[in-house]
Amino acid sequence: MPHTLTVYDESTGGTRGEALELTLPTDEITVRDLIRERVHQEVKDHNARKASDPVFRGLVRPTDAEATLNGYRMKEPRMIDWEPQFELAIEAFEQNRILVLVDERQAESLDQMLRVRTGTEVTFLKLTPLVGG
């Protein structure tokens, strides 16, 4: 039986993005698989509207794109491959540039198992490096 969870992006400045609903095939998933499902869905959504919108709204910045208020603007609209985006997201998690909070509890590792229940909420908290030295 499929299970649905709600995913949000947040920044350390307190900005919260729009909700993304993910439907998962099971009620247990690893953090790695959760990131894979999320990245795959957002790339699929972007590629479906590519001709009309050069802004990618996703977890990590695609190559040759610049950060904007609501996503990442590409020099010209194009299709995105989900696998490099997934690798970038895994790297960001491993380097603590992105924290994954499940029902307000921080996930500790990519192999950690998560249980998805009705109302489960996941926040991807994007950490911004401090400027200066």
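In this report, the structure presented in the accompanying data block is examined. (Residues numbered from 1 in each chain as written. Predicted model: local features only at pLDDT ≥ 70, side-chain atom pairs only at ≥ 80, totals over all residues. Heavy atoms only, no water.)

What follows deals with the overall build of the protein. Assigned secondary structure in the protein consists of two helices and ten strands. Listed N to C, the secondary structure of the protein is β-β-β-α-β-β-β-α-β-β-β-β in terms of helices and strands. Its C-alpha atoms give the protein a radius of gyration of 15 Å, within 12% of the compact-globule value 14 Å for 133 residues. Overall, the C-alpha framework of the protein stretches about 40 × 40 × 25 Å when taken along its three principal axes. In the protein, which comprises 133 residues, the share counted as buried stands at 38%. Once local pairs closer than 6 in sequence are excluded, the contacts in the protein between residues at least 24 apart make up 52%. Summed over its atoms, the accessible surface of the protein is roughly 8,200 Å², and 48% of this surface lies on carbon and sulfur atoms. Measuring between centres, the 17 positive side-chain charges of the protein sit 4 Å from its 24 negative side-chain charges. (Helix = DSSP H or I, 4+ residues; strand = E, 2+ residues; numbered from the N terminus. Rg over C-alpha atoms; globule rule 2.2 N^0.38 Å. Buried < 20%, exposed > 50% of the residue type's maximum accessible area, 1.4 Å probe, protein only. Contact = heavy atoms within 4.5 Å. Areas by Shrake-Rupley, 256 points an atom, 1.4 Å probe, with all protein chains shown as cover. Lys, Arg positive; Asp, Glu negative; His and termini not counted. Charge placed at Lys NZ, Arg CZ, Asp CG, Glu CD.)

With that settled, the discussion passes to the nonpolar core. Grouped together as the largest cluster of nonpolar side chains are 32 residues, with contacts concentrated most on Leu5, Val31, Leu34, Ile35, Val100, Val122 and Phe124. Among the secondary structure elements, those contributing two or more residues to this core are strand 1 (3-11), strand 2 (20-24), helix 1 (31-49), strand 6 (71-74), helix 2 (82-94), strand 7 (98-102) and strand 10 (121-126). (Core = buried A, V, L, I, M, F, W, Y, C linked by side-chain atoms within 4.5 Å.)

Okay, a negative patch on the surface next. A cluster of acidic residues, Asp81, Glu83, Glu87, Glu91 and Glu94, forms a negative patch at the surface. Summarising the element assignment, Glu83 is placed in helix 2. Exposure remark for Glu83: the relative accessible area of 45% places this residue in the partly exposed category. (Patch = residues over 30% accessible without salt bridge, like charges linked within 9 Å, V, L, I, M, F, W, Y side chains within 5 Å. Salt bridge = Lys/Arg side-chain N within 4 Å of Asp/Glu carboxyl O.)

Further remarks concern helix 1. With 19 residues, helix 1 should reach 27 Å at 1.5 Å per residue; the first-to-last C-alpha distance of 28 Å fits that figure. Taken together, the buried positions of helix 1 are Val31, Leu34, Ile35, Arg38, Val39, Glu42, Val43, His46 and Asn47. (Expected span 1.5 Å × (residues − 1).)

With respect to topology, three strands assemble into an open sheet ordered 4-6-5, the strand pairing being antiparallel. Edge positions in the open sheet fall to strand 4 (55-56) and strand 5 (65-68), since each of these has one partner strand only. Relative to strand 6, strand 4 runs antiparallel, the two being bridged by two bridges. When the sheet's bridge partners are listed, Phe56 is paired in strand 6 with Tyr72. (Pairing = 2+ DSSP bridges.)

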